[in-house]
Structure formats: C-alpha cells, structure tokens
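# Inside the fold
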Amino acid sequence: PLGAAARDLRSGGGPAHRRPTAYLGQAPASVTAMIDVSDGCVADCAHVASASGVRIDLESLPLAPGATLDDGLHGGDDYVLVATAPIGAIEGWTRVGSCAAGAGVTWQGAPIEAAGWEHTL
C-alpha cells in the first residue's frame, strides 16, 4: 500500500518513514516499464509517461491504514514499484490504472499535477 511513509512523517515520524522496506523480488518478464515511486506516485508515473510518450491514467491506489489520498498520490518514500504491462500479464500485482495515447498523468480521469519530491543540485 502507498502513503505509509507520508502518514508517519505527518504524525511526527514512524517506522514506515524511518525504515522503509524495498521490494526485492524479480520483475515479471512481461513488464514494459517500471519505476519505484519513492518520489511520489504521481511524480514518478509522470517520468514514465514522459519517457514512454503516453498518458498514465491512475484509477485507484491501495492506501496504507491511516494514509490520506494525498499521502498515496504525492507522499513518496514508500519504495513501491509501479510497472506497465499488457492487461492481465502480471499476476499477484494490483492494477492501479492504464496507459493511453497522450501525455501526463490523470487521477480518475482528471489531469493531476506531478507533485512529489523534487531533486535539486
């Protein structure tokens, strides 16, 4: 689930923010693109959308208990993987949306700002 680290940070810190657990499994062979959403789900999905020349339409997110939708969409530090693949090609993963012609990221059909962690030099 997403949003646990942002939830913990909002409430003064907690285990999900201080000790994140990274996914250590192997990517399914059918994956066409994949990114960890440690900078925020929308921000990192925007990177994939831009690099792939598509629009990513997010439809739902599995949220950690006590996390807000904003925590899940923009919070970051969860170290969850988001992957693209043909429909039905990845078993055991949660479907959160789809890709279509276009650009950017939408949330339930509406464009959403790619806010998240901004790396600076």
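## What about the nonpolar core?
Core analysis: the largest hydrophobic core is formed by 19 residues, its most contacted members being Cys 41, Cys 45, Ile 56, Leu 58, Leu 61, Leu 73 and Val 105. Of all elements in the fold, only strand S1 (33-36), helix H3 (41-52), strand S2 (55-58) and strand S5 (104-107) reach the threshold of two or more residues within this core. No other element matches H3, which puts six residues into this core. Beyond its immediate stretch of four places on either side in the chain, Leu 58 contacts Cys 41, Val 42, Cys 45, Leu 73, Val 96, Gly 97, Val 105, Thr 106, Trp 107 and Gln 108.

## A short note on the pattern of salt bridges
Under the defined criterion, the tally for this structure stands at four salt bridges. Among the salt bridges present, the one from Asp 71 reaches Arg 10, with a minimum N-O distance of 2.5 Å. Placement of the pair is Asp 71 in helix H4 (residues 69-74) and Arg 10 in helix H1 (residues 4-10), with a sequence separation of 61 residues. In this structure Arg 10 comes out as exposed when scored by relative accessible area, which is 51%. Its salt-bridge partner being Asp 57, residue Arg 55 comes within 2.7 Å of it at the nearest N-O pair.

## Considerations on the pairing of S2
Two strands pair when backbone bridges link them, and S2 and strand S4 (residues 97-100) are joined in this way by four bridges, in the antiparallel orientation. Across the sheet, residue Ile 56 finds its bridge partner in S4, namely Cys 99. Pairing of S2 with S5 involves four bridges; the strand directions are parallel. Of the residues in S5, the one forming a bridge with Ile 56 is Val 105.

## A few points about H3
In this model H3 runs 16 Å from its N-terminal to its C-terminal C-alpha over 12 residues, within 8% of the 16 Å that 1.5 Å per residue would give. For H3, the elements touching its buried residues are S1, S2, H4, strand S3 (81-84) and S5. Gly 53, located one to two residues past H3, shows a positive phi value of around 70 degrees.

Procedures and definitions
- Residues numbered from 1 in each chain as written.
- Predicted model: local features only at pLDDT ≥ 70, side-chain atom pairs only at ≥ 80, totals over all residues.
- Heavy atoms only, no water.
- Core = buried A, V, L, I, M, F, W, Y, C linked by side-chain atoms within 4.5 Å.
- Buried < 20%, exposed > 50% of the residue type's maximum accessible area, 1.4 Å probe, protein only.
- Helix = DSSP H or I, 4+ residues; strand = E, 2+ residues; numbered from the N terminus.
- Contact = heavy atoms within 4.5 Å.
- Salt bridge = Lys/Arg side-chain N within 4 Å of Asp/Glu carboxyl O.
- Pairing = 2+ DSSP bridges.
- Expected span 1.5 Å × (residues − 1).

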